[in-house]
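# Residue-level structural notes
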Amino acid sequence: PGAVVPPHAPAAPAAPPSRTPVKFTRARTEKAPILLPSMSRSRGSLSVKGLDRKLKRLQPDTTILCKRVLKWVPPSVRAEPKGIIPKGLHVLGPLSNGGPKQKGDPAPPPAATGRPVPGVFKDMSEVLHCMAPHVLNEGLASLNRDVEKYIPLERVEVESCNKLDKNSVATALYEVTIRTMSYSELSRDVGDVFLLQCPTWKSSRCLAMISPHQYEARRNVRPSDADTFRIILCAAREHAGTGWLSPEDVGELCFPDDFSENLPVLGIGYLGSVVPSMREYDALKSLAYLDPHLQEMFFRQFPVREAEDKMRAEKPTSVTEGVWKHIQENLGDEDKLAVISRVMNTRSKAVHLLQGPPGTGKSMTIVHLVSALLNGVTPSLKNNGIKVQVGKSLLAQNDVGNNAISPPSVTRILICAPSNCATDDLAWKIKRYSLGPNGLRGDIDIKRFGNLRSSLERGCHKKRAPYLPPSSPKDKFLEAINVDVVVAQRLREIGQDVPDPPPLGHAHAGTPDRERRWRNPDANTFAQRRRVLQKCNVVLCTLSGAGSRTFIDGITREDADGAGEFDVVIVDEACQASEPSALIPLKFNPKQVVLVGDPRQLPVTLLCQSSEAANHGRSLFERLDNNNWPVMMLKTQYRMHPAISRISSDLFYGGKVKTSECVKERGKTAVAPWHQIGKYPPFCIWNLEGKMAQSHNKGFANHQEGNFIVETLLPRFLQQYTSIRKKTDDIEIGIISFYRDQVSKRWDLCSNCAAVTLVTFCIPHFMFRRFFR
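Residues numbered from 1 in each chain as written. Predicted model: local features only at pLDDT ≥ 70, side-chain atom pairs only at ≥ 80, totals over all residues. Heavy atoms only, no water.

## Things to note about the pattern of salt bridges
Note the following rule: We count a salt bridge whenever a side-chain nitrogen from Lys or Arg sits within 4 Å of a carboxyl oxygen from Asp or Glu. We count a stretch as a helix when DSSP gives it H or I for four or more residues in a row; a strand needs E for two or more, and each element gets its number in order from the N terminus. Here the term buried applies to any residue with accessible area under 20% of the maximum for its type, exposed to any over 50%, and partly exposed to those in between, with areas from a 1.4 Å probe on protein chains only.
Summed over the entire model, instances satisfying the criterion amount to 19 salt bridges. The partner of R448 in a salt bridge is D424, and the shortest N-O contact between them spans 2.7 Å. Note that R448 is positioned in strand 12 (residues 446-448) and D424 in helix 12 (residues 420-433), a separation of 24 residues in sequence. A single burial state applies to R448 and to D424, both of which are buried. In this structure, the salt-bridge partner of R530 is D553, at a minimum N-O distance of 3.3 Å. Within this pair, whereas R530 is found in helix 17 (residues 525-535), its partner D553 is found in helix 18 (residues 549-555), the two being separated by 23 residues in sequence.

## Observations concerning the packing of aromatic side chains
Note the threshold: Pairing of aromatic rings covers Phe, Tyr and Trp, the last counted by its six-membered ring, and requires centre-to-centre distances within 6.5 Å; plane angles under 30 degrees mean stacked, over 60 mean edge-to-face, and any other angle means tilted. Working rule: Lys NZ or Arg CZ, within 6 Å of ring centre, within 35 degrees of ring normal, means a charge sits over the ring.
By the definition in use, this model includes ten aromatic pairs. Ring geometry for F566 and F588: centres 5.7 Å apart, planes at 70°, overall edge-to-face. Of this pair, F566 sits in the loop between helix 18 and strand 14 (568-571) while F588 sits in the loop between helix 19 (579-583) and strand 15 (592-597), placing them 22 residues apart in sequence. The residues F566 and F588 share a single accessibility class, namely buried. In this structure an aromatic cluster arises from ring pairing among F449, F551, F566 and F588. Over the ring of F526 we find R529; its NZ or CZ atom is 5.5 Å from the centre of that ring.

## Here's the deal with the sheet that holds strand 4 (residues 154-163)
What counts, and what does not: DSSP calls a pair of strands paired once it identifies at least 2 bridges connecting them. All axes are obtained by fitting lines to C-alpha atoms, using only the stretch in contact for helices, and the reported angles, taken between N-to-C directions, cover 0 to 180 degrees. Should any heavy atoms of two residues lie within 4.5 Å, those residues are counted as being in contact.
The sheet built from six strands closes into a barrel, its strands ordered 4-5-8-7-6-9 with antiparallel pairing. Each strand axis lies, on average, 45° off the axis of its neighbour in the sheet, ignoring direction. Direction of pairing for strand 4 relative to strand 5 (residues 171-180): antiparallel, over a ladder of seven bridges. By the bridge assignment for strand 5, S160 is matched with T177. Packed onto the sheet, helix 2 (residues 63-70) meets strand 5, strand 6 (192-197), strand 7 (205-210) and strand 8 (228-236) and runs at close to 150° relative to strand 7.

## Quick notes on the confidence of the model for the protein chain
So the rule is basically this: Looking at any residue, its pLDDT shows the predictor's confidence there, from 0 to 100.
Taken residue by residue, the protein chain gives an average pLDDT of 76. The fraction at 70 or more is 69%. Ranking the elements of the protein chain by mean pLDDT puts helix 11 (residues 394-398) last with 41 and strand 14 first with 96. For residues 40-44, every residue scores under 50 in pLDDT, and the model assigns this stretch seven contacts once sequence neighbours within four places are set aside. Every residue in residues 100-112 scores below 50 in pLDDT, and together they form 22 contacts with partners more than four places removed in sequence or on other chains.

## Details of the state of the cysteines
How we decide: What counts as a disulfide here is a pair of cysteine sulfur atoms lying within 2.5 Å.
Tallied over the full model, the rule gives zero disulfides. With no disulfide of its own, C198 has C206 as its nearest cysteine by sulfur position, at a separation of 9.3 Å. Judged by its relative accessible area of 7%, C198 falls in the buried class. Owing to a relative accessible area of 0%, C206 belongs among the buried residues under this scheme.

## Focus on unusual backbone geometry
A positive phi angle, close to 50°, is found at E573, a residue other than glycine. Mapped onto the secondary structure, E573 falls in the loop between strand 14 and helix 19. The phi dihedral of N589 falls on the positive side, at around 55°, and the residue is not glycine. With respect to the helices and strands, the residue N589 is situated in the loop between helix 19 and strand 15. Its relative accessible area of 4% is what places N589 among the buried residues.

## A few points about the environment of L173
Its place among the elements puts L173 in strand 5. When the C-alpha atoms of L173 and L70 are compared, they prove to be 9.7 Å apart, with 103 residues separating the residues in sequence.

## With respect to the pairing of strand 15
Regular strands show a simple pattern: their side chains alternate between the two faces of the sheet. Burial of strand 15 is extensive: six of the six residues sit out of reach of the surface. What you see with strand 15 is no split at all: Q592, V594 and V596 on one side and V593, L595 and G597 on the other are buried throughout. Where strand 10 (residues 350-355) meets strand 15, six bridges bridge the pair, whose relative direction is parallel. Counterpart to L353 in the pairing with strand 15 is L595. Looking at chain direction, strand 14 and strand 15 are connected through four bridges and run parallel.

## Details of the side chain of N627
Considering the arrangement of structural elements, one finds N627 in the loop between helix 21 (620-626) and strand 16 (632-633). What makes N627 buried here is its relative accessible area of 4%. Sequence-distant contacts of N627, that is, excluding residues within four places in its chain, are made with G119, V120, R300, Q301 and F302.

## Some words on the environment of V156
Note on placement: V156 falls in strand 4. Since its relative accessible area comes to 0%, V156 is described here as buried. A C-alpha to C-alpha distance of 5.7 Å links V156 and V265, two positions 109 residues apart in sequence.

## Quick word on a nonpolar patch on the surface
Condition: Residues qualify for a patch when their relative accessible area is over 30% and they have no salt bridge, like charges being joined within 9 Å and the nonpolar side chains of Val, Leu, Ile, Met, Phe, Trp and Tyr within 5 Å. For the area figures, the Shrake-Rupley method with a 1.4 Å probe applies, and any residue is considered shielded solely by the protein chains shown.
Together, I647, L651, F652, F683 and I685 make up a nonpolar patch on the protein surface, roughly 480 Å² of accessible area in all. The residue I685 is located in the loop between helix 23 (661-669) and strand 19 (693-694) in this model. Residue I685 is classed as exposed on the basis of its relative accessible area, which comes to 66%.

## Observations regarding the sheet that holds strand 1 (residues 77-78)
Strand order across the open sheet formed by three strands is 1-2-3, with antiparallel pairing between neighbours. Edge positions in the sheet fall to strand 1 and strand 3 (150-152), since each of these pairs with one other strand and no more. Alignment of strand 2 (residues 88-91) against strand 3, held across three bridges, turns out to be antiparallel. Among the inter-strand pairings, H90 is bridged to a residue of strand 3, identified as Y150.

## Focus: the nonpolar core
Selection criterion: Remark: nonpolar core denotes a set of buried residues (Ala, Val, Leu, Ile, Met, Phe, Trp, Tyr, Cys) joined through side-chain atoms within 4.5 Å.
Of all hydrophobic cores here, the largest spans 51 residues; its most connected members are L414, F551, F588 and L595. Within the second largest apolar cluster, 37 residues are counted, among which are V319, I430, L435 and I481.

## Structural notes on helix 10 (residues 362-375)
We apply this condition: Each helix should span, by expectation, one fewer than its residue count multiplied by 1.5 Å.
In this model, helix 10 (14 residues) spans 20 Å end to end at C-alpha, consistent with the 20 Å of a helix rising 1.5 Å per residue. Of all 14 residues making up helix 10, 13 are buried, and the element is well covered by its neighbours.

## Some thoughts on the environment of H129
Its place among the elements puts H129 in helix 3 (residues 124-146). Taking the relative accessible area as the measure of exposure, H129 reaches 42% and is therefore partly exposed. With 14 residues separating them along the chain, H129 and R115 place their C-alpha atoms 8.9 Å apart.

## With respect to the packing of helix 8 (residues 321-331) against helix 9 (residues 334-344)
To keep it simple, the criterion reads: Note that Gly is not counted as nonpolar here; it falls among the polar residues with everything else outside the nonpolar set of Ala, Val, Leu, Ile, Met, Phe, Trp, Tyr, Cys and Pro and the charged set of Asp, Glu, Lys and Arg.
At a minimum axis separation of 9 Å, helix 8 and helix 9 run at an interaxial angle of 145°. On helix 9, the residues that touch W324, I327, Q328 and L331 of helix 8 are K336, L337, I340 and S341. Residue classes in the contact of helix 8 with helix 9 are distributed as five nonpolar, two polar and one charged.

Following this line, the structure appears as structure tokens:
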């Protein structure tokens, strides 16, 4: 079933005007890989071999992953009586892994998904075999977390059904083109997972995903085809206990008995997304096509760690005197200057590790490293000497100011972080402190790819959420550099603003004016996004966002064989990202990689306990550190009181972290008045034997600790502090807990003291379970 149309099929009667006839198309004849999206072929110097390698590096085949995801057992649901498509389904249980391993199933069985991740891999196949199951487990746990208790179903009609891998016998993927029967709010992003319901199927329901080909189709979508999209599903003879369909059920989609009166009608409901898992899987497959200096991170172990020598803060040869003087004045730390000097003076392709304990200024190091990269080049990237502008002296080129004359930088930098918050903070700091290619502060062509922070903070992260304008200067800047905002503004400037196509049947759907706009290449959103991304110097996005097909399409270079899309990739908070996640931006084949993080701080967040037990929670930074790769460490902290810094330095850093002299002087001149009381030193531990209690909403709280703070600690502190404080002294008291219920109490004890402001914070406890184990 689903192979080809019989050569002498009977003619079909005319279909009613209100229905769309099924298009019986022949099976695809291309060879595997079958889910490898096409990339436009370059007319320049990129050869066919180079294009094929670049295509496999940037957009690897996801056939195996799709089959494995579709094999997950659909959730247990309660629906209306059989024979009709209900309006919705009540979810009774979670999704689970599929049944035992079958012939043709490339993924290992669930019993084998707990294989530990080794410290050093033998070959590429071992990388995939060990890490891909854990990526899938995390995707399944994430999907179960996002599934709603009630899934509304929408009725859709089947337009066509094509068998993708006709050579496969045991399992086969089918691409189904469906059309919504009314205005639909279904998500249609690559990686979205759906539940299909049909009363005539033997298995009643199955799982489906948005086809990777949907992205290519969306690039050229006409207004009249806005309600049509493609999904993929899997069929197998042995489909019991999985999310696959039987071949007979697929046959009803490909060869209905009477397509004039009984068009295949399905119910489809949105479950969630496995986009992060798909992008991490892509990164694992891209590893085989990266340069050797990137591949050896998984296959090389140094026998011993190099002896720590004092890093020299020498001026890089390619950085002008004025720029280096500006960096020295703003950093003033030999360790930070030595880090920038080492990166800029590296004579070969390399991976750098920068460890930044709390308060040592690793973010500012990144900011000024960007200044050095934009105003100079590392020897491994370009070595074209000094460019002189006619009529200007070299002395004028070295000046930093309004009259600075510096050649435009050709170094392209990608900066990533695990979260949107960390990425936005770096973008704002780069705007305020970094020097642009012309030596002017903040004059940088910087773009931010991803969601707007102002919308995320206001709870507008859901699809089709209302937009709220930014309020703070930081949010206004983030909106101004957002790629989608810039693209929309350019389209408005050329008078070719193309909004989302209206629903089918709308008065303006398919009008000549909209068709004319669609044909205009300048009005193409994808073309404008590519122009914006390829002209900027610095691009910021999350690690997962770097694997987006939209982002890859926008930054892809089609110039030379093996050329990377970015020269330098900087990953901030690298120790909070899993290894597959940290690999995502490395698929752009950068010549220099800088991993910034601290393995002694927050670990990788995992949802699956089996993956955590198998070392899947180890970051790429930790792997290299454990394999004795050289690590540059910042050893001077500027944040904490010396007494607090001494505790963390002795416990976690072997006493290597020292406090800056300016912080010590600040402590001498501005001594907190409560430090004069013996019970309230800068650092103190109160040991209580309290027990955790679970509330009715399944939250946790320790009432003994809470009562101690409310009834003993703070009242005595306020009483003693009020007697010695000055009238001008105002203080803030922060209460931090791992549990939300612990800080949800009414902390009204400070209402009688106008000089005290009480702030409470809740930190998810799962981010700390490994750290405090």
